[in-house]
Amino acid sequence: MARIVVKIGSNVLTRKDGKPNVTNMSALVDQIAELRNEGHEIVMVSSGAVACGRGAVVPTRQLDSVAERQLYSSVGQIRLINIYNDLFGVYGIVVGQVLTQKENFSSRSSYLNQRACMLTMLENGVIPIVNENDTASLSELMFTDNDELSGMIATMIGADILVILSNVDGLYTGNPADPESRLIKEVKPGEDVSGNVIASKSGFGRGGMGTKSGIASKVSEEGVKVVIAKGDRPGVLLDLIKNPGCVPHTCFLPRTEGLSTVKRWIAHSSSFAKGRIVVDANAEKVLRGDSAVSLLPIGVIEMEGEWEEGDIVNIYGIDGVRIGVGRAGMDSESAHEMLGRRGGRPIVHYDYLYIE
């Protein structure tokens, strides 16, 4: 049996008038209930709160984007979770609401606390329904969208499969509306498909196919199979899990050697970095190689920022391209004293280093 994260986008959950699409929600709940009754563990990452709220309340004055999102989500989240509770209740399945923020992933302890919470829910037969806490999230520290959140959840709980349900069948070689475009059925680990992505989005969601493709590539590199498919296609979830050959979709194949829990956390922590470390060309080559190596002081040519031991730092090559992220093994003052020296303990140990 598999542990599956199902991300359901706003365009699947919401009608054009902003009201909940209960028909689509009911169909997906029926499928999730069947999968769960067969022994699969399911975590849902559900958009739709802001869209549900937009259809329920009219502001008394014009609001800025943050206030508007807070108002709509505060109203919409209640409507959304109540619909899920009623629909799953028909099957005798208990659901639990998990609201999170990007800041909750910034420290190792918070990360593990969230992980323990969701694993406990699964252990006790509860389906976690996860969404961003829009009422409290600061705009500069928000997830790009729930695609990013679902990727972080999938790697955090060690999911086997992440299913991203969207309003298209998957990733195409061009614009999906172009008859010449074809569906990309499979993406191998390390394969770059970014050139096929059309930089656009539609409907109520914050993200587009570019975000989905980027998240899918990263998560599959971390050992999780990722599938992108059309969420309102009849029986789509059951087909994807039981008979994937009969439903159009794009599958990002997972890298066979998965990451440890700590590296999964580090892989998604670049936005919390306290410092910037630049390495020379030789150090970059070694770090990108097949051997397990740490970042040593001799390969560092420049450092910026102030950090304490255990903080996150970003690592760049001399061309300015980020090559990795890691957990610092010493504070910035000590690192500056060791800059360029041979020997000494690593600035970032291999066990706490993620190379992109």
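Note that this is a predicted model, so its numbers are computed, not measured.

Basis of the calculations
Residues numbered from 1 in each chain as written. Predicted model: local features only at pLDDT ≥ 70, side-chain atom pairs only at ≥ 80, totals over all residues. Heavy atoms only, no water. Pairing = 2+ DSSP bridges. Helix = DSSP H or I, 4+ residues; strand = E, 2+ residues; numbered from the N terminus. Axes fitted to C-alpha atoms, helices over the stretch in contact; angles between N-to-C directions. Salt bridge = Lys/Arg side-chain N within 4 Å of Asp/Glu carboxyl O. Buried < 20%, exposed > 50% of the residue type's maximum accessible area, 1.4 Å probe, protein only. Contact = heavy atoms within 4.5 Å. pLDDT = per-residue confidence, 0-100. 1 Å grid on protein atoms, 1.4 Å probe; cavity = no way out; pocket = protein on both sides within 12 Å on 5 of 7 lines; lining within 4 Å. Points joined across faces, edges and corners; volume = space filled by probe spheres on them. Expected span 1.5 Å × (residues − 1). Right-handed = clockwise from strand over helix to strand, strands pointing away.

**Q** What is the right way to read the sheet that holds strand 13 (residues 353-355) from this model?
**A** The pairing of strands in a sheet happens through backbone hydrogen bonds and is either parallel or antiparallel. On the basis of which strands lie adjacent, the open sheet formed by five strands has the order 10-9-11-12-13 and mixed pairing. Unpaired on one side and paired on the other, strand 10 (300-305) and strand 13 mark the two borders of the sheet. In this sheet, adjacent strand axes meet at a mean angle of 20° when their direction is disregarded. Bridge count for strand 12 (residues 322-327) against strand 13 is three bridges, and the pairing is antiparallel. In the sheet register, Gly 324 faces strand 13, and the bridge partner there is Ile 355.

**Q** What is the right way to look at the pattern of salt bridges in this model?
**A** Oppositely charged side chains are able to pair whenever their charged atoms sit close together. Taken as a whole and judged by the stated rule, the model has 13 salt bridges. A salt bridge links Arg 3 to Glu 41, with the nearest nitrogen and oxygen atoms 2.7 Å apart. With Arg 3 in strand 1 (residues 3-8) and Glu 41 in strand 2 (residues 41-46), this pair connects stretches of sequence that are 38 residues apart. A salt bridge links Glu 38 to Lys 242; the shortest N-O distance between them is 2.6 Å. Placement of the pair is Glu 38 in the loop between helix 2 (22-37) and strand 2 and Lys 242 in helix 8 (residues 236-242), with a sequence separation of 204 residues. Look at Glu 38 and you get partly exposed, because its relative accessible area is 35%. Through salt bridges with shared partners, a single ionic network connects Lys 7, Asp 147 and Lys 212.

**Q** Can you help me understand the sheet that holds strand 8 (residues 250-252) in this one?
**A** Taken together, eight strands build an open sheet; the order of strands is 3-4-2-1-5-7-8-6 and the sheet is mixed. For this open sheet the edge positions go to strand 3 (95-100) and strand 6 (186-187), each flanked by a neighbour on one side alone. Contacts from helix 2 reach strand 1, strand 2, strand 4 (127-132) and strand 5 (161-166), with the element oriented near 155° to strand 2.

**Q** What is the right way to look at the confidence of the model for the chain in this model?
**A** In regions of low pLDDT, the predicted coordinates are not meant to be interpreted in detail. Per-residue confidence for the chain averages 88 on the pLDDT scale, and 94% of its residues sit at or above 70. Predicted confidence is poor over residues 200-207, with pLDDT under 50, and the contacts of this stretch with residues over four places away or in other chains come to 27 contacts.

**Q** How should I be thinking about the layout of surface pockets in this particular structure?
**A** Over the atoms a probe the size of a water molecule is rolled, and this reveals where empty space is left. Its boundaries defined by the atoms lining it, the largest pocket holds a volume of some 1,100 Å³. Along its surface, the largest pocket is lined by 45 residues, and Lys 218, Glu 221, Tyr 354, Ile 355 and Glu 356 are the ones closest to its centre. Going through the elements one at a time, helix 7 (209-221) and strand 13 are the ones with two or more residues in the lining of the largest pocket. No other element matches helix 7, which puts nine residues into the lining of the largest pocket.

**Q** What is the right way to read helix 7 from this model?
**A** Since the α-helix advances by 3.6 residues per turn, residues separated by three or four positions end up pointing in the same direction. Taking 1.5 Å per residue as the helical rise, helix 7 with its 13 residues ought to reach 18 Å, and the 18 Å between its terminal C-alpha atoms agrees with that figure. Of the surrounding elements, those touching the buried residues of helix 7 are strand 1, helix 6 (146-156), strand 5, strand 7 (225-230) and strand 8.

**Q** Looking at this structure, I do not really get the pairing of strand 3. What am I missing?
**A** Looking along a regular strand, one sees side chains alternate from face to face of the sheet. Inspection of the sheet shows strand 3 paired to strand 4 by six bridges, in the parallel sense. Across the sheet, Gln 97 pairs through a bridge with Ile 129, a residue of strand 4. You can see the chain leave strand 3, run along helix 5 (residues 108-123) and come back into strand 4, and the turn it takes is right-handed.

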